[in-house]
Amino acid sequence: RLVDFTSAPEKARETINDWVSDQTEDRVEALIPEGAIDTWTRLVLVNAIYFDAAWLHPFEAGSTYQGTFHLLDGNEVAVPMMGQEESFAYAEGAEYQAVELLYEGQELSMVILLPQLDQFDAFEGSLSAGQVSGILGDLHPEDVHLTMPRFTFDSSFELAQSLADMGMPDAFLYQVADFSGMDGSRELFIGEVLHQAFVSVDEAGTEAAAASAVVAPAGSALDPDPPIEVMVDHPFVFLIRDIQTGSTLFVGRVVDPTGP
């Protein structure tokens, strides 16, 4: 879209933020802060994604209770804990458990990666695409008794320094960056990279506005093996993925479900 950065940078900022807000159902309302766009700005590249899905197996709201979540510093917080017993895809290793929760339609899922409490920093620090792929490949159906917190949070990041540290410093340097494929010159360089995310998980699903559920437990005359216990009562990593393509849509860490 054409906007006037030179004579109306604030109006351009408002236009971009309004578009992002519309695309994310008002969950990301101020992606670009005041001052990030000025008369020297020449273009802004923006993308937005909005995700709203109900669980294939919703949690029964009446089963939610006030439980304890253990923080990395040894403290504890009280948080609503959801629980259910269901057949979930499950995997485990020496230092972690993993469980996959399908959304309706069974095309998308959330995967919870739960390292041992004293192994969280090491697990997160070593987490790679290859390791995640290996964990996903190990998932298999198991009867799981899952307990996990309800949580809602949003986060904002300025990524310029992080991206430069990861190996692309030239893109942020005037007349060193080469975006000549866009404008035919060496005038363009990246000034800011801004990212903002919102995630809400409850009994009905992820960012679910409204939902209802009927739970009908099944019984058997045989004594089944006891379900595997997955108690998500300490920091964990989650990802939301497209199952068919293998694309990760969101990835995050929850170290305090009550925090911002």
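Criteria and cut-off values
Residues numbered from 1 in each chain as written. Predicted model: local features only at pLDDT ≥ 70, side-chain atom pairs only at ≥ 80, totals over all residues. Heavy atoms only, no water. Helix = DSSP H or I, 4+ residues; strand = E, 2+ residues; numbered from the N terminus. Contact = heavy atoms within 4.5 Å. Areas by Shrake-Rupley, 256 points an atom, 1.4 Å probe, with all protein chains shown as cover. Lys, Arg positive; Asp, Glu negative; His and termini not counted. Charge placed at Lys NZ, Arg CZ, Asp CG, Glu CD. Core = buried A, V, L, I, M, F, W, Y, C linked by side-chain atoms within 4.5 Å. Buried < 20%, exposed > 50% of the residue type's maximum accessible area, 1.4 Å probe, protein only. pLDDT = per-residue confidence, 0-100. Expected span 1.5 Å × (residues − 1). Salt bridge = Lys/Arg side-chain N within 4 Å of Asp/Glu carboxyl O. Patch = residues over 30% accessible without salt bridge, like charges linked within 9 Å, V, L, I, M, F, W, Y side chains within 5 Å. Polar contact = N/O pair within 3.5 Å; in protein donor to acceptor, adjacent residues only side chain to side chain.

**Looking at the overall build of the protein chain**
Part 1 of the reasoning: Scanning the protein chain for helices and strands turns up 5 helices and 12 strands.
Part 2 of the reasoning: By principal-axis analysis of the C-alpha atoms, the protein chain measures approximately 75 × 40 × 40 Å.
Part 3 of the reasoning: Contacts spanning at least 24 positions in sequence make up 68% of the contacts within the protein chain whose residues lie at least 6 apart.
Part 4 of the reasoning: Accessible area of the protein chain: about 15200 Å², with a carbon and sulfur share of 50%.
Part 5 of the reasoning: If the 9 positive side-chain charges of the protein chain are averaged to one point and the 44 negative ones to another, these points end up 14 Å apart.

**Some thoughts on the nonpolar core**
Nonpolar side chains in soluble globular proteins tend to end up buried together.
Part 1 of the reasoning: Leu-101, Ile-112, Leu-146, Met-148, Phe-151, Phe-236 and Phe-238 are the most contacted members of the largest nonpolar core, which has 32 residues in total.
Part 2 of the reasoning: Here this core takes 6 residues from strand β3 (residues 76–93), the largest share from any one element.
Part 3 of the reasoning: In this structure, Leu-101 is in contact with Trp-55, Phe-59, Phe-88, Ser-109, Met-110, Ile-112, Leu-146 and Met-148, ignoring residues within four places of it in sequence.
Part 4 of the reasoning: Within the second largest apolar cluster, 13 residues are counted, among which are Tyr-96, Ala-98, Val-111 and Leu-113.

**Some words on the confidence of the model for the protein chain**
Part 1 of the reasoning: Of the residues in the protein chain, 92% reach a pLDDT of 70 or more, and the chain-wide mean stands at 86.
Part 2 of the reasoning: The element-level mean pLDDT for the protein chain is lowest in strand β9 (residues 205–206), coming to 74, with strand β4 (residues 96–102) highest at 97.
Part 3 of the reasoning: In this model residues 207–221 is a low-confidence stretch, pLDDT under 50, and it forms 13 contacts with partners more than four residues away in sequence or in other chains.

**What to know about the environment of Pro-33**
Part 1 of the reasoning: Summarising the element assignment, Pro-33 is placed in the loop between α1 (9–23) and β1 (53–54).
Part 2 of the reasoning: Its relative accessible area of 37% is what places Pro-33 among the partly exposed residues.
Part 3 of the reasoning: Taking C-alpha positions, Pro-33 is 9.3 Å from Leu-194, a pair spaced 161 residues apart along the chain.
Part 4 of the reasoning: If we ignore the near neighbours within four places in the chain, the residues touching Pro-33 are Arg-13 and Leu-194.

**Description of α1**
Part 1 of the reasoning: Taking 1.5 Å as the rise per residue, α1 with 15 residues should run 21 Å; its terminal C-alpha atoms sit 21 Å apart, in good agreement.
Part 2 of the reasoning: For α1, every residue scored as buried is listed here: Pro-9, Ala-12, Arg-13, Ile-16, Asn-17, Val-20 and Ser-21.
Part 3 of the reasoning: Count one or two residues on from α1 and you reach Glu-25, which has phi positive near 55 degrees.

**Points about the pattern of salt bridges**
Part 1 of the reasoning: Within the structure shown, the criterion is met by 5 salt bridges.
Part 2 of the reasoning: Notably, a salt bridge pairs Glu-100 with Arg-241, separated by 2.8 Å at the nearest N-O pair. Residue Glu-100 is located in strand β4, and its partner Arg-241 is located in strand β11 (residues 236–242); the two are separated by 141 residues in the primary sequence. The exposure classification of Glu-100 matches that of Arg-241, with both residues buried.

**Some details on a nonpolar patch on the surface**
Part 1 of the reasoning: Together, Leu-43, Leu-45 and Met-182 make up an exposed nonpolar region whose accessible area comes to about 330 Å².
Part 2 of the reasoning: With respect to the helices and strands, the residue Leu-45 is situated in the loop between α1 and β1.
Part 3 of the reasoning: Taking relative accessible area as the criterion, Leu-45 reaches 70% and is therefore assigned exposed.

**Looking at the side chain of Gln-84**
Part 1 of the reasoning: Counting through the fold element by element, Gln-84 comes out in strand β3.
Part 2 of the reasoning: Since its relative accessible area comes to 11%, Gln-84 is described here as buried.
Part 3 of the reasoning: In terms of polar contacts, Gln-84 uses its side chain to reach the backbone carbonyl oxygen of His-57, at 2.8 Å.
Part 4 of the reasoning: Beyond its immediate stretch of four places on either side in the chain, Gln-84 contacts His-57, Pro-58, Phe-59, Val-144, His-145 and Leu-146.

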